[in-house]
Each structure stands twice: as structure tokens, then as C-alpha cells.
Amino acid sequence: HHGMVVVSWVNGEGSMIWLHKDPESGEYGLRTFEVTDPDTGTRHDYTRKRGVRATFMELPEGAPDWAADRPTLWNAVHAKETRKNSRLSCEIRVALPAELDAEAQARLVRTWARDHLAAAGIVADIAIHEPSREGDDRNTHAHIMTTLRRFDGATVDGWAKGAARDLNDKAFLENLRASWEAAQN
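Residues numbered from 1 in each chain as written. Predicted model: local features only at pLDDT ≥ 70, side-chain atom pairs only at ≥ 80, totals over all residues. Heavy atoms only, no water.

Asks: Just to check I follow, could you spell out the pattern of salt bridges for this structure?
Replies: Where charged atoms from two side chains of opposite charge approach closely, those side chains can pair. Tallied over the full model, the rule gives 10 salt bridges. A salt bridge links Arg-53 to Glu-130; the nearest nitrogen and oxygen atoms lie 2.9 Å apart. Of this pair, Arg-53 sits in strand β4 (residues 52–58) while Glu-130 sits in the loop between β6 (124–129) and β7 (141–147), placing them 77 residues apart in sequence. Taking relative accessible area as the criterion, Arg-53 reaches 28% and is therefore assigned partly exposed. Glu-130 gets classed as partly exposed once you look at its relative accessible area, which sits at 33%. A salt bridge links Asp-125 to Arg-70; the nearest nitrogen and oxygen atoms lie 2.7 Å apart. One end of the pair, Asp-125, is in strand β6; the other, Arg-70, is in helix α1 (residues 70–80), with 55 residues separating them in the sequence. Pair check on accessibility: Asp-125 and Arg-70 agree, each one buried. What you see here is one network of salt bridges that share partners, running through Glu-58, Arg-110 and Arg-114. (Salt bridge = Lys/Arg side-chain N within 4 Å of Asp/Glu carboxyl O. Helix = DSSP H or I, 4+ residues; strand = E, 2+ residues; numbered from the N terminus. Buried < 20%, exposed > 50% of the residue type's maximum accessible area, 1.4 Å probe, protein only.)

Asks: When you look at helix α2 (residues 102–116) in this model, what are you seeing that I'm missing?
Replies: The α-helix advances 3.6 residues per turn, and as a result positions three or four apart in sequence lie on the same side. Taking 1.5 Å per residue, 15 residues should reach 21 Å; α2 reaches 21 Å between its end C-alpha atoms and fits that length. Along α2, the residues classified as buried are Ala-104, Gln-105, Ala-106, Leu-108, Val-109, Trp-112 and Ala-113. Taken together, the buried residues of α2 touch β4, β5 (87–95), β6, β7 and α3 (170–184). (Expected span 1.5 Å × (residues − 1). Contact = heavy atoms within 4.5 Å.)

Asks: Before we go on, may I ask you to explain empty space enclosed by the protein in this structure?
Replies: Once rolled over the atoms, a probe with the size of a water molecule shows which space is left empty. A full pass over the atoms with the stated rule returns 1 cavity of 30 Å³ or more. In this model, the largest cavity occupies a volume close to 40 Å³. Forming the walls of the largest cavity are Val-77, Glu-81, Arg-87, Leu-88, Thr-147, Leu-148, Arg-149 and Trp-159. (1 Å grid on protein atoms, 1.4 Å probe; cavity = no way out; pocket = protein on both sides within 12 Å on 5 of 7 lines; lining within 4 Å. Points joined across faces, edges and corners; volume = space filled by probe spheres on them.)

Asks: In this structure, what is going on with the layout of surface pockets? I would like to understand it.
Replies: Looking at the second largest pocket, its volume works out to about 230 Å³. Along its surface, the second largest pocket is lined by 14 residues, and Glu-81, Ser-86, Arg-87, Ala-163 and Arg-165 are the ones closest to its centre. Of the residues contributing to the lining of the second largest pocket, the split by class is 3 nonpolar, 5 polar and 6 charged. (Nonpolar A, V, L, I, M, F, W, Y, C, P; charged D, E, K, R; others polar.)

Asks: Where do I start with the packing of aromatic side chains in this structure?
Replies: Aromatic ring pairs are described here by two measures, namely the spacing of the ring centres and the angle between the planes. On inspection of all chains with the given rule, the structure shows 4 aromatic pairs. Ring centres of Phe-151 and Trp-159 lie 4.7 Å apart, and the angle between their planes is 20°; this geometry places the pair in the stacked category. Residue classification places Trp-159 among the buried positions, given a relative accessible area of 4%. Three or more aromatic residues joined by ring pairs form one cluster here, namely Trp-66, Phe-151 and Trp-159. (Phe/Tyr/Trp six-rings, centres within 6.5 Å; stacked < 30°, edge-to-face > 60°.)

Asks: Is there a simple way to think about the nonpolar core in this case?
Replies: Where a protein is soluble and globular, its nonpolar side chains tend to be buried together. Grouped together as the largest cluster of nonpolar side chains are 24 residues, with contacts concentrated most on Val-94, Val-109, Leu-117, Ile-126, Ile-128 and Ile-144. Those elements that provide at least two residues to this core are β5, α2, β6, β7 and α3. Sorting elements by how many residues they give to this core places α2 first, with 5 residues. Residues Met-57, Ala-63, Leu-88 and Met-145 belong to the second largest nonpolar core, which totals 12 residues. (Core = buried A, V, L, I, M, F, W, Y, C linked by side-chain atoms within 4.5 Å.)

Asks: Is there a simple way to explain the packing of α2 against α3 in this structure?
Replies: Where α2 contacts α3, the two axes come as close as 11 Å, and the packing angle between them is 150°. Comparing their axes, α3 and α2 come out roughly antiparallel. For the pair α2 and α3, the crossing hand works out as right-handed. Contacts between α2 and α3 involve Leu-108, Val-109, Trp-112 and His-116 from the first element and Phe-172, Leu-176, Ser-179, Trp-180, Ala-183 and Gln-184 from the second. A breakdown of the residues in the contact of α2 with α3 according to their chemical character gives 7 nonpolar, 3 polar and no charged. (Axes fitted to C-alpha atoms, helices over the stretch in contact; angles between N-to-C directions. Parallel < 35°, antiparallel > 145°, perpendicular 65-115°, else oblique. Left-handed = near helix turned anticlockwise from the far one by under 90°.)

In C-alpha cells form, the structure reads like this:
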């Protein structure tokens, strides 16, 4: 399977927790770190999440050093996207081939994210999940959270002035789907 969900503010309000919630299952895609919501001061601890096999990030060339720290990155996204209709991130879910071992699955998703997301100038924050205990034991999958704004080293905060609107382009999205299909087959 392959799916994509854009995460945005709800009724002009939001918190860091919305960056991680899977709207279909109510599960949280990236739960292997602690983060404090800068607006409420609420601390969210995802370090004890079961079923997460691996997490890693692929950063675009020229990304600031702070972007490699997951809580700092997502707090910076939260702080930057202040309009009530801002789009905060995109979550891409991909199934990983059951025929591959864990190392090959990680290499596959990491290479694809580097070649198609980081190369497009956005961060890919990846969590590989084991199949659920009650589900199909071949359903290893990855949640890939992406930023929707590129970096610009000439700005004070490191972010480009506007959102990367070309990421909404139908051709770009179709290319992502086709490139994943080709990579995993």
C-alpha cells in the first residue's frame, strides 16, 4: 500500500501532537522521541512506543544543523507555520516488501527518501513499523513525515520564505507514487 496525508491546522489551532497522528487508525507514526509543545508546554514522550523497528532522517543538501534533531525540527515547523490554514507536514505511508530482510527494507526506504524527497529539498523523517500483533505478519511499513517548506541559508531562521507549492503539483505526487512502485518491485 501507499498513502499520503497532508497535516494542517484544525480550526486555526494545533499542537505538535497533530504532526504525528495517523488520521485513519488514531496511531502515531513517529513515537520514538520526546517533544515539548512550545505553545502549551505539554511534554509528549514517545520513547516507549512498541513496534517501531527503526527511525532515521534524510535531510536535503544545505539543511541547517538543527534540522537533524527531530524535536527541534518539528518544533521549528510548528513555530514557522502560524497561519490558521498552514500546511505543517505530509505523511507518506509505504508498505515494505516482505521478501526483503529488515536491513534491506531500511536501505530501500532510506534510498528512496534521499533520492525523491531530500533531493526535492524537504526533510524525510522515517519510522519503520513492525506488523501489528493481530494483523498480517508481512505488513512491515514505513511512515515518512516530510516538511512542506524548504530551507534557505540566507534567512535568519533557516526556512525559505514560502511553502514549497510545487510539492502539491499532481505530476510531482504521481512521480512519487511511480518511483516508489519502481523502487520496491
